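# Coordinate inspection notes
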Amino acid sequence: MIRFRPLADADLPMLLDWLQRPHVKEWWDDGDDTLEKVCAHYGARDGTRRFIAEREGVAIGYFQYYRNGAGEIGCDQFLAGPESLSHGIGCACLEAFIDLIAAAEAPATILVDPHPDNARAIRCYEKCGFLSDAERSSPALCCMTKVLPES
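So, how was this worked out
- Residues numbered from 1 in each chain as written.
- Predicted model: local features only at pLDDT ≥ 70, side-chain atom pairs only at ≥ 80, totals over all residues.
- Heavy atoms only, no water.
- Axes fitted to C-alpha atoms, helices over the stretch in contact; angles between N-to-C directions.
- Helix = DSSP H or I, 4+ residues; strand = E, 2+ residues; numbered from the N terminus.
- Parallel < 35°, antiparallel > 145°, perpendicular 65-115°, else oblique.
- Contact = heavy atoms within 4.5 Å.
- Phe/Tyr/Trp six-rings, centres within 6.5 Å; stacked < 30°, edge-to-face > 60°.
- Buried < 20%, exposed > 50% of the residue type's maximum accessible area, 1.4 Å probe, protein only.
- Pairing = 2+ DSSP bridges.
- Right-handed = clockwise from strand over helix to strand, strands pointing away.

### A short note on the packing of helix 1 (residues 12-19) against helix 3 (residues 35-42)
- For the pair helix 1 and helix 3, interaxial distance at closest approach is 9 Å and the crossing angle is 105°. By the angle between their axes, helix 1 is roughly perpendicular relative to helix 3. Residues Leu12, Pro13, Leu15, Leu16 and Leu19 of helix 1 lie in contact with helix 3, whose contacting residues are Leu35, Val38, Cys39 and Tyr42.

### Re the packing of aromatic side chains
- The tally for this structure, following the rule as stated, stands at twelve aromatic pairs.
- On the numbers, 5.7 Å between centres and 90° between planes, the contact of Trp28 with Tyr62 is edge-to-face. One end of the pair, Trp28, is in the loop between helix 2 (22-25) and helix 3; the other, Tyr62, is in strand 3 (residues 58-67), with 34 residues separating them in the sequence. Across the pair, Tyr62 and Trp28 agree in class, each one buried.
- Each member of the aromatic cluster is reached from another via a ring pair, and the members are Phe4, Phe51, Phe63, Tyr65 and Phe97.

### Looking at the pairing of strand 5 (residues 109-112)
- Along strand 5, one buried face is formed by Thr109 and Leu111 and the opposite face, lined by Ile110 and Val112, is buried too.
- The pairing of strand 4 (residues 73-79) with strand 5 spans two bridges and is parallel. Each bridged residue has a counterpart across the sheet, and for Ile73 the counterpart in strand 5 is Ile110.
- Tracing the backbone out of strand 4, into helix 4 (residues 89-105) and back to the parallel element strand 5 gives a crossover that is right-handed.
- Looking at chain direction, strand 5 and strand 7 (residues 144-147) are connected through four bridges and run antiparallel. Across the sheet, Thr109 pairs through a bridge with Val147, a residue of strand 7.

Don't take any of this as a statement about function, it's just geometry.
What follows is the structure, encoded as structure tokens:
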């Protein structure tokens, strides 16, 4: 079973370790390469809701969501261990995270914006029902949206 718990200050050293892993750093590199930078960035009270994903009680990834300027919900995520990639775990986590967002925020749509070369992430998003939004995409971002059913 996958569950999400809010990111805690005690998680920041673990998050720093995860952010340095090659499979994460390839697509998620905000320059947070010291504990001080991770604390400043991920400890910020900026409206972003940050979570640790757990599977059977073991921390397996980082997930976050936020409202953008248009009031839409955007989300970002990564799995911590390379052994978790390409086994359906990312899709299972993302579907559970979408359920969490839907229950908390009731958005009409959720946005993701992987790099266009990140084929693994794009496949995961497509499996979870996200569609490419060519009008909002760019050479650096593949904007994808998922319309949620009305409650």
